[in-house]
Amino acid sequence: MKLVIAEKPSVAKAIAAVLHADERKNGYMEGGGYLVSWCIGHLISFADAAGYNEQYRKWNYDDLPIIPQEWKFVIASGKEQQFSVLKDLMHRNDVTEIINACDSGREGELIFRFVYEQAACDKPFSRLWISSMEENAIREGFSNLKDGCGYDNLYQSALCRAKADWLIGINATRLFSILYHKTLSVGRVQTPTLDMIVKRDYAIDSFKKEKYHVVRLQAGGMTALSEKLFDPAAAQQMKTACEKSQAVCTSLTKEAKTIAPPKLFDLTALQREANRLFGFTAKQTLDYVQTLYEKRLLTYPRTDSKYITSDMAGSTEELISGLCGILPFMQGVTLAPDLSRIVDNAKVTDHHAILPTAEFVKNGLAALTESEKKIVTLICAKLLCAVAAPYTYEAVTAVFACGGYTFTAKGKTPTCEGWREIDRLSRSVLKSKDDEDEAEPEETALPPLAEGQTFENAAAEITEHYTQPPKAFTEDTLLSAMENAGKEETPDEAERKGLGTTATRAGIIEKLIHAGFVQRSGRKLKATKDGINLTVVLPEVLTSPLLTADWETRLVEIAKGNEDPAGFMCGIEEMAAELVKSYSHISEDKAKLFAPQREAIGTCPRCGAAVYEGKKNYYCGNRSCNFVMWKNDRFFEQRKKAFTKSIAAALLKDGKVKIKGMYSTKTGSTFDGVVVLADTGGKYVNYRVEQNRK
């Protein structure tokens, strides 16, 4: 009996169907000489710091750096039962071989090895290495199983990555949190991401706009533009020289241009487009596609590939035919699909691009929520666009001379709409709209022209414009920046490029927002004061994407067997120790950087100092003054009114405040009245009702 261990239940189910392991058991399937089970993602992870020593539950500088001599592991919360199933299966007497069918990549290798080692299994294991879940690919993979030990270097690469992230994350987070008396989450991915937002915000805030002018020449029903003119006098001089003068077409260039169809969606590209078109956050999009995947309407969504494998060509062609029959916007559209553009075995790693499934073709859109309909329609449209003909057009550039100056007019004439037609039709169904800031005016066709052609009595006008600052990050543009950060310094064969992965980037953004380092303002992402301060106090090695690029370069060499894992880890441990040593203390002023900002709500009637809101009271900022108004004061509780910040502010400003709906203990009814601050300078502040209306 052979035991197959997949990374996810859905993958295990697909493999079991091919192997005819049709008998469902508790946590696995059996049949055809195979047992097929699964890991539910990361079943095993490193223990947290307290797992090594109880004293680490409290964060103390003297305990740093925390560097485990022997690493400890824990079973992921809520997944204990599945680990028990796998362990029992591994130790069954009739199981002679284990087959690692976790995802074909570094993290998939780590997931399997952790389970294998924590189950104390010593049986031989093979490696299933496939890039597609099509039946033919699975069968071919099982007929060409690899020796599991042949992936030892890949496992060491994955292990080093996991240990390094633990060491730097735990020690840097504790170190800077202790120094600044506030929980400051520091991570190899999230901190450089925050730094990009902070730098963009600074560029926007420090931008100084400049006015410039453009002279617009009107001739022969066309508009030709001058270059930007920052001197208004020069613009006026140009306008005067051109008015009622002759304009001559001195140059006419025509060029046939082609825009190739777009690539298929990986997760990041889908998250970007859904944010731009619908305003969905990256996490919302991930949640939607995960639900659609679990409904078997989409293929696996956490993919970083925009291609499919050659063995999928036949089924994808059938899928396209089915989509053309059920999607309303494809009615009357002729499509001759060219799959050669989306097939590339070399560019499919753990998973192929996101596609709709045959199950979706069968069921359609009817039972889906509006958001799910938008997402799945977007994915269907992308597939159809990707296999459609290119968009071609003729670009025309005309140069005019007038009054001794040069003007340029540009136009385009489509020659084949190709994939653009499908894109336009699908957008009209989705009722989506690009961000107005991102939209560019479409160039229209120019009228027939010839070099040397003249136009009498040209008209000219001046329009004013301003230089524009960089745009604030949206999730669309931030995801792109994360994907491309440090790419030039990362080797081509690295498994991970940029900051984070397609599966983790949404979580990183949400983590930064939850930690209070970034806030959403509409679709824009902006750094908070704490976020700005965090990037200021951290060393560049922790805020730069170059750390990730350096790690990935060395991890590639470990996976190839060209670098010693122990040497890599020694360097990481030294980095953690050096961080602790370099930041042993900070100045008193710096320690106050993350102190909560207090906003005065009024002036103390006793000493004139500012009054602030606390959790339970409104207190005078002058320590020698004992003025304090308690939120649970009996006066307000008896009248069943909350002592709000606005009431306190009015009392401090005017000495009285009108309050509606106060409760009368005498009559049992409510009344409106004016409450007066009747402070006599004693330990407690008094209040009274000035007038009482039933």
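Residues numbered from 1 in each chain as written. Predicted model: local features only at pLDDT ≥ 70, side-chain atom pairs only at ≥ 80, totals over all residues. Heavy atoms only, no water.

Engineer: In this structure, what is going on with the packing of aromatic side chains? I would like to understand it.
Structural biologist: Think of a pair of aromatic rings as described by two things: how far the centres are apart, and how the planes are tilted against each other in angle. Under the counting rule described, the total for this entry stands at 27 aromatic pairs. On the numbers, 5.1 Å between centres and 65 degrees between planes, the contact of F176 with Y583 is edge-to-face. You can see F176 sitting in helix α5 (residues 152-180) and its partner Y583 sitting in the loop between α19 (565-582) and α20 (588-591), a full 407 residues away along the chain. Among the residues examined, Y583 registers a relative accessible area of 22% and is labelled partly exposed. Note on F643 and Y687: the rings are 5.8 Å apart at their centroids and 85 degrees apart in plane angle, and the pair reads as edge-to-face. Taken as a pair, F643 in the loop between α21 (634-638) and α22 (645-654) and Y687 in strand β26 (residues 687-693) lie far apart in primary sequence, 44 residues in all. Owing to a relative accessible area of 5%, F643 belongs among the buried residues under this scheme. Among the residues examined, Y687 registers a relative accessible area of 9% and is labelled buried. Cluster of aromatic residues (ring-pair linked, three or more members): F46, Y52, W71, F73, F114 and W166. In this arrangement the basic side chain of K228 is found over the ring face of Y212, its NZ or CZ atom lying 4.8 Å from the centre. (Phe/Tyr/Trp six-rings, centres within 6.5 Å; stacked < 30°, edge-to-face > 60°. Helix = DSSP H or I, 4+ residues; strand = E, 2+ residues; numbered from the N terminus. Buried < 20%, exposed > 50% of the residue type's maximum accessible area, 1.4 Å probe, protein only. Lys NZ or Arg CZ within 6 Å of the ring centre and 35° of its normal.)

Engineer: Mind showing me how you'd approach helix α6 (residues 190-205) here?
Structural biologist: The periodicity of an α-helix, 3.6 residues per turn, causes residues three or four positions apart to be oriented the same way. Along its 16 residues, α6 runs 23 Å from first to last C-alpha, staying within 8% of the 22 Å computed at 1.5 Å per residue. Taken together, the buried positions of α6 are Q190, T191, P192, T193, L194, D195, M196, I197, V198 and D201. (Expected span 1.5 Å × (residues − 1).)

Engineer: What is the right way to read the sheet that holds strand β17 (residues 473-474) from this model?
Structural biologist: On the basis of which strands lie adjacent, the open sheet formed by 3 strands has the order β17-β19-β18 and antiparallel pairing. The open sheet has two free edges, formed respectively by β17 and β18 (518-521), since each of these has just one partner strand. Alignment of β17 against strand β19 (residues 524-527), held across 2 bridges, turns out to be antiparallel. Looking at β19, one finds that T474 is bridged to K524. (Pairing = 2+ DSSP bridges.)

Engineer: Looking at this structure, I do not really get the pattern of salt bridges. What am I missing?
Structural biologist: Note that side chains of opposite charge can pair when their charged atoms are close. Under the criterion given, the structure shown has 39 salt bridges. A salt bridge links E97 to K2, with the nearest nitrogen and oxygen atoms 3.9 Å apart. Taken together, the residues E97 in strand β7 (residues 97-101) and K2 in strand β1 (residues 2-6) connect sequence positions 95 residues apart. By relative accessible area, K2 is classed as partly exposed at 30%. Through salt bridges with shared partners, one network takes in R272, E273, R276, K382, D423, R427 and D476. (Salt bridge = Lys/Arg side-chain N within 4 Å of Asp/Glu carboxyl O.)

Engineer: Just checking my understanding: could you explain the nonpolar core for this structure?
Structural biologist: Core analysis: the biggest nonpolar cluster contains 134 residues, and I98, I375, L384, I422, L542 and F568 have the highest contact counts within it. For this core, the element with the highest residue contribution is α5, accounting for 14 residues. If you look at the next biggest cluster of nonpolar residues, it comprises 24 residues, including F636, V675, L677 and V685. (Core = buried A, V, L, I, M, F, W, Y, C linked by side-chain atoms within 4.5 Å.)

Engineer: What is the right way to read the sheet that holds strand β23 (residues 628-630) from this model?
Structural biologist: Strands pair in a sheet through their backbones, by hydrogen bonds, and they do so in one of two ways: parallel or antiparallel. The strand order across the open sheet built from 4 strands is β20-β21-β22-β23, with neighbouring strands paired in antiparallel fashion. Edge positions in the sheet fall to β20 (600-603) and β23, since each of these pairs with one other strand and no more. Across this sheet, the average inter-strand angle for adjacent strands is 20 degrees, counted without regard to direction. The sheet strands contacting α22 are β20, β21 (610-613), β22 (617-620) and β23, and the helix crosses β20 at an angle near 25 degrees. (Axes fitted to C-alpha atoms, helices over the stretch in contact; angles between N-to-C directions. Contact = heavy atoms within 4.5 Å.)

Engineer: Help me understand the environment of I308 in this model?
Structural biologist: Mapped onto the fold, I308 is located in the loop between α9 (282-294) and α10 (313-326). Sequence-wise, I308 and H351 are 43 residues apart; in three dimensions their C-alpha atoms are separated by 8.5 Å. If we ignore the near neighbours within four places in the chain, the residues touching I308 are L264, T316, I342, V343, D344, N345, V348, H352 and L355.

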